[in-house]
Every structure is written in structure tokens, then in C-alpha cells.
Amino acid sequence: MRICIIKGSPRQNGNTNTLLQYFIRELTRAGHVVAETDLRDKEIHGCTACRKCQEDWSDFGCIFQDDAVPIFREVMRSEMIVLAAPIYSWYCPAPMKALLDRFVYGFNKYYGEAKGPSLWQGKRMALFVTCGYPPEKGADLFEEGMRRYCRHSKLLYAGMLAVHDEGYDVRFLTEEKIRQAVHFAEEINQGGELS
């Protein structure tokens, strides 16, 4: 399976990206092809809801020809998308949110009177997040938002790994967190919804 991992952390060596490497290693070990996209150095405009993308039902069709376009192409080549990000203010950081806004229009051709297809229908989506609050209070809103996003986009929601960062004076990376990341990759290998 080809897996597109979209990394939304503004810190190259932050908690999310550090733990993510164990997840990626396990996916690669299992034979998956992993394509990583780091949003930290990408130019991604916010959606303006101009609906230009709705005119062409075969392509992304966005008026902005920025770094979202090659990411769109990678998503189309992949069977699974993993959104990997820290949770800031109960949601993903701004570059990932901008990309998700662009994707919901560019992939889903059913805004306005005409009812077209979902270009990414049937692909699987998983979430890999870190958060400062315990996950049930820190990542729950993002997960619910992405569940709805998946239903709307006709994607298959594959679950979420949410890992708590206990604070600046506590070491983040532990053997237990590494085990959770590896286990999440193993669950993805088995397919189906994980939560």
C-alpha cells in the first residue's frame, strides 16, 4: 500500500515528528511505500471558496498553483493518507488546516447546483497526533471534526493515535509511546477502523 503522510508540525524535530519516525519505520518494515510531505516549508494559500475547482470534475482545479497541487497528486497516488500533527487550540496547526480546506473543495466536486464525484472516495485516512492535554480532552475535537470530514468526503476513517506530552520538564519520548506508535502501524497493516 502507498501511504501519504502529511506532516503538519511547525517544528522539524518536535514531538510529533520524533515519534512519527517509529511509526514510519514499522510501516516500511511491513512493505508499505511511505511518501512524506512536510508542510513546514510549503506555500499553501487558504481557500477563498471561489468554487473554481468545481468547474473541472477530473482534477484539483484550484486557482492557486502553490504547493498544495503536488500534495494533491501524491494523495491521488496513495491508498491511505495519514495526518500527523501536534494539536494547537484543539485542532491542527494553520498550514494543515489550510490544506484540509483546499482539499475538501478540490477533491469533492459537489458544491453548488451540480453534484459531481469525490475524487478521493474510498481512500483511508488516519490521524497521528500529539497534544498537551490528555487525548480525551486535547485531541477529541480534532478527531470528531476529521470523522465528519471523512464521511463528507467519502473517505474511510482508519482511526487515531493521540499521545500526551506531559509538559516541558518531562521527557516526551518513552518506550511506552514508541510501543504505541509501532502498535498503531501494526493496526493499520490489518486494515479496518481502528477506534
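Reading the values: rules and limits
- Along each chain, numbering runs from 1 in the same order as the chain's sequence is written.
- The predicted nature of this model means local features are confined to residues of pLDDT at least 70 and side-chain atom pairs, given and counted, to a pLDDT of 80 or more, with totals for whole chains, interfaces and linings taken over all residues.
- The side-chain numbers reported here are obtained from all heavy atoms of the structure, hydrogens and water having been left aside.
- The distinction between a cavity and a pocket rests on a 1 Å grid over the protein atoms alone: a 1.4 Å probe fits inside a cavity but cannot get out, while a pocket stays open yet meets protein on both sides within 12 Å along at least five of seven lines, and a residue with an atom within 4 Å of a point counts as lining.
- Grid points are joined across faces, edges and corners, and a volume is the space filled by probe spheres set on the points.
- Only DSSP runs of H or I covering at least 4 residues are called helices, and only runs of E covering at least 2 are called strands; the numbering of each starts at the N terminus.
- Any residue that is not Ala, Val, Leu, Ile, Met, Phe, Trp, Tyr, Cys, Pro, Asp, Glu, Lys or Arg is counted as polar, Gly included; the first ten are nonpolar and the last four charged.
- Two strands are counted as paired when DSSP detects at least two bridges linking them.
- Here an angle of 0 to 180 degrees is reported between the N-to-C directions of two axes, which are lines fitted to C-alpha atoms, with helices fitted over the stretch in contact.
- In this analysis, two residues are considered to be in contact whenever any of their non-hydrogen atoms come within 4.5 Å of each other.
- Only residues whose relative accessible area exceeds 30% and that take part in no salt bridge are eligible for patches, with like-charged residues grouped when within 9 Å of each other and nonpolar side chains (Val, Leu, Ile, Met, Phe, Trp, Tyr) grouped when within 5 Å.
- Working definition of accessibility: Shrake-Rupley area with a 1.4 Å probe, residue cover restricted to the visible protein chains.
- The salt bridge definition used is simple: a Lys or Arg side-chain nitrogen within 4 Å of an Asp or Glu carboxyl oxygen.
- Here the term buried applies to any residue with accessible area under 20% of the maximum for its type, exposed to any over 50%, and partly exposed to those in between, with areas from a 1.4 Å probe on protein chains only.
- Ring pairs shown here join Phe, Tyr and Trp side chains whose ring centres sit within 6.5 Å, with only the six-membered ring taken for Trp; geometry is labelled stacked below 30 degrees between planes, edge-to-face above 60, and tilted in between.

A. A look at the layout of surface pockets. Here the largest pocket is characterised by a volume of approximately 340 Å³. In terms of lining, the largest pocket is formed by 16 residues, of which the most central are Arg-11, Asn-15, Gly-132, Asp-165 and Tyr-168. Of all the elements in the fold, those that place two or more residues in the lining of the largest pocket are α1 (15-29) and β4 (124-131). The residue makeup of the lining of the largest pocket, split by class, is 7 nonpolar, 7 polar and 2 charged.

B. Representation of the sheet that holds β4 within the structure. Spatially, 5 strands are ordered β2-β1-β3-β4-β5 in an open sheet, and the strand pairing comes out parallel. Among the strands making up the open sheet, the edge pair consists of β2 (33-38) and β5 (156-164). Adjacent strand axes in the sheet meet at a mean angle of 15° when their direction is disregarded. One ladder, built from 6 bridges, connects strand β1 (residues 2-7) with β2; its direction is parallel. Each residue of the ladder has a partner; that of Ile-3, found in β2, is Val-34. Along the sheet, α1 contacts β1, β2, β3 (80-86), β4 and β5; its crossing angle with β1, the most-contacted strand, is approximately 175°.

C. Main features of the side chain of Asp-66. Mapped onto the elements of the fold, Asp-66 is located in the loop between β2 and α2 (68-77). Ignoring any residue separated from it by four or fewer positions in sequence, one finds Asp-66 in contact with Glu-43, Ile-44, His-45 and Arg-102.

D. Spotlight on a nonpolar patch on the surface. Together, Trp-90, Tyr-133 and Leu-141 make up an exposed nonpolar region whose accessible area comes to about 330 Å². On the secondary structure map, Tyr-133 appears in the loop between β4 and α4 (135-138). Classification of Tyr-133 by relative accessible area gives partly exposed; the value is 45%.

E. Examining the packing of aromatic side chains more closely. With the rule as written, the count across this model stands at 14 aromatic pairs. With a centroid separation of 5.9 Å and an interplanar angle of 20°, the aromatic rings of Trp-90 and Tyr-133 are classed as stacked. With Trp-90 in the loop between β3 and α3 (94-106) and Tyr-133 in the loop between β4 and α4, this pair connects stretches of sequence that are 43 residues apart. Ring plane angle 80° and centroid distance 6.1 Å describe the contact between Trp-120 and Tyr-149, whose orientation is recorded as edge-to-face. Separated by 29 residues along the polypeptide, Trp-120 in the loop between α3 and β4 and Tyr-149 in helix α5 (residues 140-153) bring together distant segments of the chain. A relative accessible area of 0% means that Trp-120 is categorised as buried. An aromatic cluster of three or more residues is present, and its members are Phe-60, Phe-72, Phe-103, Phe-107, Trp-120 and Tyr-149.

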